[in-house]
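Topology and contacts: notes
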Amino acid sequence: MEFRELAVPGAWEITPRQFGDPRGVFLEWFRSAPFGDATGHAFDLQQANLSVSAKGVLRGIHFADVPPGQAKYVTCARGAVLDVVVDIRVGSPTFGTWDSVLLDDVDRRAIYLGEGLGHAFMSLEDDSTVLYLCSAGYNPGREHGIHPLDETVGIDWPTQARDGSPITPQLSEKDAAAPSLREAEAQGLLPRAEDVAQYLASLRG
């Protein structure tokens, strides 16, 4: 299992070692010890989610108030998605920066997004099945969104599906009505980098 920190500090790409034979494939998609070595703290699993998405479905950019925020450890068990992390921490040197990892049923990578980061993904195939390990349970009053097509963030979303066919983004009504990054900042919705740093320090302590 290999960890690679992304361009957004606090997010990692995880590549597992796969063991295949005529029966199929086995792999470990999460291990506590390597995770702690990479991030400096344990993962406090509080909820596990599963979503199934049609081709073109675009979910996000989602985030939660800090503390406690909601860290996510995500993989794609079937199909393929482009998974994106956005630095929405006000005061961060990389504020507004994004990075991405292709999650699919071939390389079977995962992505970890720490507290205070925005998360989104686009499905590149029908029935793409995404699994999330979450450090906090669902709390609608503390969860927010940024429009995933916000030009200020400028995510380079795919225009072709896994099979090469054209792809059209499909957003929920809630995501389509979400504010831009600048609007969310003006509304005081975004986490502050110093608050995130203090919370992470408490986890390491």
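Structural data are supplied above this passage.
Once a new chain begins, its residue numbering starts again from 1 and follows that chain's sequence as written. pLDDT decides what is reported in this predicted model: residues at 70 or higher carry local features, side-chain atom pairs at 80 or more are listed and counted, and totals for whole chains, interfaces and linings draw on all residues regardless. As a convention, hydrogens and water are excluded, and side-chain values are obtained from all of the structure's heavy atoms.

Quick notes on the overall build of the chain
Going along the chain from the N terminus, every DSSP run of H or I of four or more residues is numbered as a helix, and every run of E of two or more is numbered as a strand. Assigned secondary structure in the chain consists of four helices and 13 strands. Along the first, second and third principal axes, the C-alpha set of the chain runs to 55 × 45 × 30 Å. The burial tally for the chain puts 46% of its 205 residues in the buried class. When contacts within the chain are restricted to residue pairs at least 6 apart in sequence, those whose partners lie at least 24 apart make up 81%. For every accessible area listed, the method is Shrake-Rupley and the probe measures 1.4 Å; residues are considered covered only by the protein chains on display. Put simply, the chain shows about 10,000 Å² of open surface, and 49% of that area lies on carbon and sulfur atoms. His is not counted here, nor are the chain ends, while Lys and Arg score as positive and Asp and Glu score as negative. Taken as the charge centre is NZ of Lys, CZ of Arg, CG of Asp or CD of Glu, depending on the residue. Separation of charge centres in the chain, based on 17 positive and 29 negative side chains, amounts to 4 Å. Exposure is judged per residue with a 1.4 Å probe applied to protein chains only, and the accessible area is read against the type maximum: over 50% gives exposed, under 20% gives buried, and values in between give partly exposed. For this analysis, residues touch if any pair of their heavy atoms sits within 4.5 Å.

Notes on the pattern of salt bridges
The term salt bridge refers to a pairing of a side-chain nitrogen on Lys or Arg with a carboxyl oxygen on Asp or Glu at a separation within 4 Å. Per the counting criterion, the structure on display carries eleven salt bridges. The partner of Arg-23 in a salt bridge is Asp-21, with the nearest N and O atoms 2.6 Å apart. Residue class for Arg-23 comes out exposed when judged on its relative accessible area of 79%. According to the relative accessible area criterion, Asp-21 is partly exposed, its value standing at 34%. As a salt-bridge pair, Asp-107 and Arg-109 come within 3.1 Å of each other at their nearest N and O atoms. Take Arg-109: its relative accessible area is 23%, and that puts it in the partly exposed class. Sharing partners across several salt bridges, the network here consists of Arg-4, Glu-13, Asp-107 and Arg-109.

Notes on the packing of aromatic side chains
Classification of ring pairs uses Phe, Tyr and Trp, with its six-membered ring standing for Trp, and accepts pairs whose centres are within 6.5 Å; under 30 degrees between planes counts as stacked, over 60 as edge-to-face, and the remaining range as tilted. Tallying each qualifying case throughout the model produces ten aromatic pairs. Where Phe-30 meets Phe-35, the ring centres are 5.8 Å apart and the plane angle is 50°; that geometry is what we call tilted. Phe-35 sits in the buried class, given a relative accessible area of 0%. Here the aromatic rings of Phe-43 and Tyr-112 are separated by 6.1 Å at their centres, their planes lie at 80°, and the arrangement is edge-to-face. Of the two residues, Phe-43 is situated in the loop between helix 1 (32-39) and strand 5 (47-53) and Tyr-112 in strand 10 (residues 110-113); the sequence distance between them amounts to 69 residues. According to the relative accessible area criterion, Phe-43 is buried, its value standing at 13%.

What about the environment of Gln-70?
On the secondary structure map, Gln-70 appears in the loop between strand 6 (58-64) and strand 7 (72-78). There is a polar contact of 2.7 Å between the side chain of Gln-70 and the backbone oxygen of Ala-136. Two N or O atoms form a polar contact when they lie within 3.5 Å of each other; inside protein one atom must be a possible hydrogen donor and the other a possible acceptor, and for residues adjacent in sequence the pair counts only when both atoms belong to side chains.

Details of helix 1
Turning to helix 1, its buried residues number three or more, namely Pro-34, Phe-35 and Thr-39. Buried residues of helix 1, seen end-on, are gathered within an arc of 115° and therefore sit on one face of the element. Of the surrounding secondary structure, the elements contacted by the buried residues of helix 1 are strand 1 (2-5), strand 2 (11-15), strand 7, strand 10 and helix 4 (193-204). Gly-40 occupies a position one or two residues after helix 1 and carries a positive phi of about 90°. Each C-beta atom gives one direction from the helix axis, and the arc is the one those directions make.

Here's the deal with the environment of Ser-172
Of note, Ser-172 is situated in the loop between strand 13 (143-145) and helix 2 (173-176). Once the C-alpha coordinates of Ser-172 and Glu-2 are considered, the two residues, 170 residues apart in sequence, prove to be 34 Å apart. Among the polar contacts listed, one links the side chain of Ser-172 to the backbone nitrogen of Asp-175, at a separation of 3.1 Å.

Some details on unusual backbone geometry
The omega torsion across Val-66 and Pro-67 is -5°, close enough to zero to call that bond cis. Note the cis peptide between Pro-67 and Pro-68, where omega equals -5°. Topologically, Pro-68 is positioned in the loop between strand 6 and strand 7. Even without being a glycine, Arg-108 presents a positive backbone phi close to 55°.

Quick look at the sheet that holds strand 12 (residues 128-134)
Strand order across the open sheet formed by six strands is 1-2-10-7-12-5, with antiparallel pairing between neighbours. Where the open sheet ends on each side, the last strands, each with one partner, are strand 1 and strand 5. Across the sheet, the axes of successive neighbouring strands diverge by a mean angle of 20°, strand direction being ignored. Note on pairing: DSSP must find at least two bridges between two strands before they are called paired. Pairing analysis gives four bridges linking strand 1 to strand 2, with the strands arranged antiparallel. The residue bridging Glu-2 from the neighbouring strand is Thr-15, located in strand 2. Strands strand 1, strand 2, strand 7 and strand 10 of the sheet are contacted by helix 1, whose axis makes an angle of about 25° with strand 1. Where helices are involved, their axes are fitted lines through C-alpha atoms of the stretch in contact, as for all axes, and angles between N-to-C directions lie from 0 to 180°.

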